[in-house]
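Descriptive analysis of the structure
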Amino acid sequence: PLCPQDSLGCGLRTCYRYLNQTSRSFAAVIQALDGELRHAVCIFYLVLRALDTVEDDMSIPLDVKVPMLHEFHSHLYQPDWKYTESKEKDRQVLEDFPTISMEFRNLSKVYQDVISDICHKMGVGMAEFLEKKVDSQREWDKYCHYVAGLVGIGLSRLFSASELEDSIVGQDTDLANSMGLFLQKTNIIRDYLEDQLEGREFWPREVWSRYAKKLSDLAKPENIDVAVQCLNELITNALHHVPDVLTYLSRLKNQSVFNFCAIPQVMAIATLAACYNNQQVFKGVVKIRKGQAVTLMMDATNIQAVKAIMYQYVEEIYQKIPSTDPSCNKTQQVIASIRAMSLPGSPMA
């Protein structure tokens, strides 16, 4: 098809259409990014969405899926490669992969190298966890690293490659990894019931096995008290990433990059505050109110504002800690360390 009077080429316009179709949350912040970084992040998102669609598709047998995940990164350089057998809702990114891979090859080499490398590492990691469950908390961190920490690391390298941010942002992989882990753990915690209904388990056995025989038992009404204690322990685990998140955000110089990074993080802390000590996690969906979300997006535009928001939500959690909760001391400790960083005039930024 011809693409008249448009600064964007045909392929790129199609890519942005897919972006808006597949991502509710990220499409807007991606499109607000400055310059060529916007295109690089858009393509990165779609490539990972395609990889994720392969991982999620239960109709693909393991002996086909594992090599597919391992080789996925190489398809970025094969103009005709596509996959038309998927039954997943986002299958269009696989069916029209040639458009995405063509736009990938139109990016500067610095961006291509980052995206291809992350895609390779993530494919290998996803394949590893297809064949095993998440047992220890160390494994939980490893799984979250593969599916989200690597995204944080890749994005950070793209920010530095664009020269909108200092090179340290892309080099400090631990902080970038924490950005991804905080978001991923929040989603895993919130999505307990949805994942149960779809037969998926992401809560680490090392934690839930202290509260129940099977992870599914936590959804039973008679187990609601221990279920909430298990939930609180996982939320406490996730809160340990907040100091890294604040340190990471304090280094960002570019406004569009700051907004892109900060908005999902404040949404995550608001989500954890809503889930903390909340039986509803095991009965239905816990969502932050639309108005609250809009306020967060409008406010999270500088490091002091983000610290204040984080402070407000950990304070909310602190007020809800039951004195009888097995994790109550750990929760109080991690909140104390976040408070220390969020207070005005703290040795940060």
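Residues numbered from 1 in each chain as written. Predicted model: local features only at pLDDT ≥ 70, side-chain atom pairs only at ≥ 80, totals over all residues. Heavy atoms only, no water.

**Let's talk about the domain arrangement of the protein chain**
If you check the domain split of the protein chain, you get domain 1 (11-132) and domain 2 (185-348). Opposite the nine residues of domain 1 that make contact, domain 2 presents eight residues. When the buried surface of domain 1 facing domain 2 is broken down by residue, V29, L33 and D34 rank first, second and third, together holding 54% of it. The interface formed by domain 1 and domain 2 holds zero salt bridges in total. Taken together, domain 1 and domain 2 are joined by two residue pairs in polar contact (both at pLDDT 80 or more). Contributing elements (two or more residues each) for the side of domain 1 that touches domain 2: α2 (26-31) and α3 (35-56). Residues that form the side of domain 1 that touches domain 2 fall into these classes: seven nonpolar, no polar and two charged. (Domains from an automatic or database assignment. Contact = heavy atoms within 4.5 Å. Buried area = accessible area lost by both parts, 1.4 Å probe. Salt bridge = Lys/Arg side-chain N within 4 Å of Asp/Glu carboxyl O. Polar contact = N/O pair within 3.5 Å; in protein donor to acceptor, adjacent residues only side chain to side chain. Helix = DSSP H or I, 4+ residues; strand = E, 2+ residues; numbered from the N terminus. Nonpolar A, V, L, I, M, F, W, Y, C, P; charged D, E, K, R; others polar.)

**Section: the side chain of D90**
Along the chain, D90 turns up in the loop between α4 (62-71) and α5 (92-95). Overall, D90 belongs to the buried group, its relative accessible area being 9%. Not counting residues up to four positions away in its chain, the partners in contact with D90 are T22, R49 and T53. (Buried < 20%, exposed > 50% of the residue type's maximum accessible area, 1.4 Å probe, protein only.)

**Comments concerning the packing of helix α1 (residues 10-22) against helix α6 (residues 97-106)**
Where α1 meets α6, the closest approach of the two axes is 9 Å, and the angle between their N-to-C directions is 115 degrees. Relative to α6, α1 is oriented so that their crossing is left-handed. For the pair α1 and α6, contact is made by G11, L12, T14, C15 and Y18 and by T99, I100, M102 and E103, respectively. (Axes fitted to C-alpha atoms, helices over the stretch in contact; angles between N-to-C directions. Left-handed = near helix turned anticlockwise from the far one by under 90°.)

**Quick look at the packing of helix α14 (residues 242-251) against helix α15 (residues 255-275)**
Contact geometry of α14 with α15 gives a least axis separation of 11 Å together with a crossing angle of 160 degrees. Between α14 and α15, the crossing angle belongs to the class labelled roughly antiparallel. As α14 runs across α15, the sense of the crossing is left-handed. In this structure, α14 uses V242, V245, Y248 and L249 to contact α15, whose residues at the interface are F258, C261, A262, Q265 and I269. Among the residues making up the contact of α14 with α15, the classes are represented as eight nonpolar, one polar and no charged. (Parallel < 35°, antiparallel > 145°, perpendicular 65-115°, else oblique.)

**Considering the packing of aromatic side chains**
Evaluated as defined, the whole model comprises 13 aromatic pairs. Between F72 and W81, the ring centres sit 5.5 Å apart and the planes meet at 80 degrees, which makes this aromatic pair edge-to-face. In terms of burial, F72 and W81 fall into one category: buried. Consider the rings of W203 and F282, whose centres lie 5.9 Å apart with planes at 80 degrees: the pair is edge-to-face. Here W203, found in the loop between α11 (192-197) and α12 (205-208), pairs with F282, found in the loop between α15 and α16 (290-299); they are 79 residues apart in sequence, far enough to count as distant. (Phe/Tyr/Trp six-rings, centres within 6.5 Å; stacked < 30°, edge-to-face > 60°.)

**Thoughts on the pattern of salt bridges**
Working definition: two side chains of opposite charge can pair if their charged atoms are close together. One pass over the full model with this rule turns up 21 salt bridges. Residue K89 is joined to D90 by a salt bridge in which the shortest nitrogen-to-oxygen separation is 3.5 Å. Here D135 makes a salt bridge to R205, at a shortest N to O gap of 2.9 Å. Here D135, found in the loop between α7 (109-130) and α8 (137-161), pairs with R205, found in helix α12; they are 70 residues apart in sequence, far enough to count as distant. Here the residues in one salt-bridge network are R49, D52, K89 and D90, joined through shared partners.

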